[in-house]
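Fold and geometry: a report
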Amino acid sequence: MTDTIHGNNSISGRRLNQPISGNEIPRFAGITTMLRLPHVEDPKQLDVGFIGVPLDIGTANKSGTRYGPRQIRAESAMIRACNQATRAAPYESLAVGDLGDVATNPYSLERAVDGIEEHFSRILDADCIPLAMGGDHTLTLPILRAMAKKHGPVAVIHVDAHADSNDHMFHEKLNHGVMFRRAMEERLIDPNFLVQIGLRGTGYTHNDFDWGRSQGFWIVPVERCWHRSLGPLLDEIRMKFDGKPVYVSFDIDSLDPAFAPGTGAIEPGGLTIIQALEIIRGMKGLNIVGCDLVEVLPFCDPSGNTAGIAANLLFEMLCILPGVKYNKSIEPSSCRDGLPTDWI
Ligand code: MN
Ligand code: MN
């Protein structure tokens, strides 16, 4: 990959990489990286880095999310540089690249988790904002451990069909269904600034979501989201979380399985893709310090569409990070942060 292909403008010594255009090398050709950005080894060269976390040994049911990052990268080849709706131009003001994968231990979840924490600590030490591609949801716990070392307890926006705050599963305290309870016990998160959106499905008991509520979590069950725009919810979240370091954890199973069947624990009646866009675009203005997109399971959707949606949601996350340049709309204000206010 040459400078000519990826661009060579720089800001404060960090090169502003451009994705390879589909008009230069066809989208089905070339070496697969996230969003066709260069693979960069040193996080010090980047403001924002995508990192694959190929992990599935924390999964309770269907395994295979270890192949999630690879399929997300492949499907991301379709995504272009400009966000037409919000006018975000992330590559004009931020140095963005693909930092490759964490070398996750496939035999020991404990060692895999320790390795992820170490890996993300290095990235945060370089003042690079990580956007993680999973991988099963266990990976959020070690990332939160790294986040807390850098920022103290963070606020969290957690979008998921599941609360992931069980005490244990199969008597194990470490897996993809317990992270937010562990994060609370370890004081990695501020419980008064944790919102869980999209929770639903059958429970072990009728009180499954009450533990979180008792801790101060703000729980928005999916039924509250049905048939309505989530713009106003995000207005409230922005008001409440303003000024705090915010971590975003997005489980793809929050979406209805009609949209995203490629995941291991589907629950009917989920969020729409439009609501997912409203959630992410509505975060603009918050001090986002990192994001993950987890639980993409390629074998359950060989079409790649679930991974393609995941890749687009990761691009949308990139577009709302602090410091992203927005090109002014040439039309009179027909968009408010990407949310239409009228029909003009
Ligand atoms: Mn889930
Ligand atoms: Mn989850």
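In what follows, the accompanying structure is described.

As a further point, take the overall build of the chain. When you go through the chain residue by residue, the secondary structure sums to 10 helices and 12 strands. By its C-alpha atoms, the chain is 55 × 50 × 40 Å across when sized along the principal axes. Put simply, the chain has 344 residues, and 57% of those count as buried. When contacts within the chain are restricted to residue pairs at least 6 apart in sequence, long-range pairs at least 24 apart make up 76% of them. Split by element, the accessible area of the chain, about 15300 Å² in all, is 52% carbon and sulfur. Counting 32 positive and 42 negative side-chain charges, the chain places the centres of these two groups 3 Å from one another.

Axis separation between helix α9 (residues 273–281) and helix α10 (residues 305–319) bottoms out at 9 Å; the angle between their running directions is 20°. The orientation of α9 relative to α10 falls into the category roughly parallel. Regarding α9 and α10, the two cross each other, and that crossing is right-handed. The segment α9 lies against α10, with I273, A276, L277, I280 and R281 engaging I309, L313, E316 and M317. Grouping the amino acids of the contact of α9 with α10 by side-chain chemistry returns seven nonpolar, no polar and two charged.

In this structure, F50, I157 and L318 are the most contacted members of the largest nonpolar core, which totals 57 residues. No other element matches α10, which puts 10 residues into this core. Dropping the residues within four chain positions of it, F50 is found in contact with M34, L35, L37, V96, G97, D98, L99, G100, L131, M133, L314 and L318. Formed by 40 residues, the second largest nonpolar core is a distinct cluster that contains L141, M184, L199 and V289.

What follows covers the layout of surface pockets. When its volume is computed, the largest pocket comes out at roughly 600 Å³. Around the largest pocket, the lining is made up of 29 residues, and of these H162, D164, N166, M169 and Y204 lie nearest the centre. Of the residues in the lining of the largest pocket, the class split is eight nonpolar, 12 polar and nine charged.

Right, let's get into the coordination of the manganese ion (ligand 1). The protein atoms that coordinate the manganese ion (ligand 1) are D160 (OD), H162 (ND1), D251 (OD), D253 (OD) and D253 (OD), at distances of 2.1 to 2.5 Å. Taken in chain order, the donor set of the manganese ion (ligand 1) reads D-x1-H-x88-D-x1-D. Here the manganese ion (ligand 2) and the manganese ion (ligand 1) are spaced 3.2 Å from one another, each receiving a donor from D160. Across the pair, H162 and D160 agree in class, each one buried.

What follows covers the pattern of salt bridges. Taken as a whole, this structure holds 15 salt bridges when the rule is applied. Residue D101 pairs with R73 through a salt bridge whose shortest N-O separation is 3.0 Å. Of the two residues, D101 sits in strand β4 (residues 96–101) while R73 sits in helix α2 (residues 68–75), which places them 28 residues apart along the sequence. When its relative accessible area of 8% is taken as the criterion, R73 is described as buried. Among the ionic pairs, D190 bridges to K244, the shortest N-O distance being 3.4 Å. Of this pair, D190 sits in strand β7 (residues 189–199) while K244 sits in the loop between α8 (231–241) and β9 (245–251), and the two are 54 residues apart along the sequence. Residues joined by salt bridges that share partners form a network here, namely D167, K173, R182 and E185.

Definitions and cut-offs
The numbering scheme is per chain: residues are counted from 1 as the chain's sequence reads. Throughout, the order in which chains and ligands are written sets their labels, letters from A for the former and numbers from 1 for the latter. pLDDT decides what is reported in this predicted model: residues at 70 or higher carry local features, side-chain atom pairs at 80 or more are listed and counted, and totals for whole chains, interfaces and linings draw on all residues regardless. To get the side-chain values, all heavy atoms of the structure are used, and hydrogens and water are removed first. Segments assigned H or I by DSSP are reported as helices when at least four residues long, segments assigned E as strands when at least two residues long, and all are numbered from the N terminus. Only protein chains enter the calculation, and the probe is 1.4 Å; a residue is then buried if its accessible area is under 20% of its type maximum, exposed if over 50%, and partly exposed in between. Contact criterion: two residues are considered in contact whenever any of their non-hydrogen atoms come within 4.5 Å of each other. For every accessible area listed, the method is Shrake-Rupley and the probe measures 1.4 Å; residues are considered covered only by the protein chains on display. Asp and Glu count as negative and Lys and Arg as positive, but His and the ends of the chain are not part of the count. We put the charge of a Lys on NZ, of an Arg on CZ, of an Asp on CG and of a Glu on CD. Axis geometry follows a simple rule: fit a line to the C-alpha atoms, using only the stretch in contact for helices, then measure angles between N-to-C directions, giving values from 0 to 180 degrees. Any angle between 65 and 115 degrees counts as roughly perpendicular, while under 35 counts as roughly parallel, over 145 as roughly antiparallel, and the rest as oblique. The handedness criterion is simple: a crossing whose near helix is rotated anticlockwise from the far helix by less than a right angle is left-handed, and one whose near helix is rotated clockwise is right-handed. Note that Gly is not counted as nonpolar here; it falls among the polar residues with everything else outside the nonpolar set of Ala, Val, Leu, Ile, Met, Phe, Trp, Tyr, Cys and Pro and the charged set of Asp, Glu, Lys and Arg. Among the buried residues, those of types Ala, Val, Leu, Ile, Met, Phe, Trp, Tyr and Cys that are joined through side-chain atoms within 4.5 Å form a nonpolar core. Note on definitions: the grid is 1 Å and covers protein atoms alone; a cavity is a set of points where a 1.4 Å probe fits but cannot get out; a pocket is an open set with protein on both sides within 12 Å along at least five of seven lines; lining residues have an atom within 4 Å of a point. Grid points are joined across faces, edges and corners, and a volume is the space filled by probe spheres set on the points. The donor set comprises N, O and S atoms within 2.8 Å of the metal, extended to 3.2 Å for Na, K and Ca; water molecules are omitted, so apparent gaps in a site may simply reflect that omission. When a carboxyl oxygen of Asp or Glu is within 4 Å of a side-chain nitrogen of Lys or Arg, the pair counts as a salt bridge.

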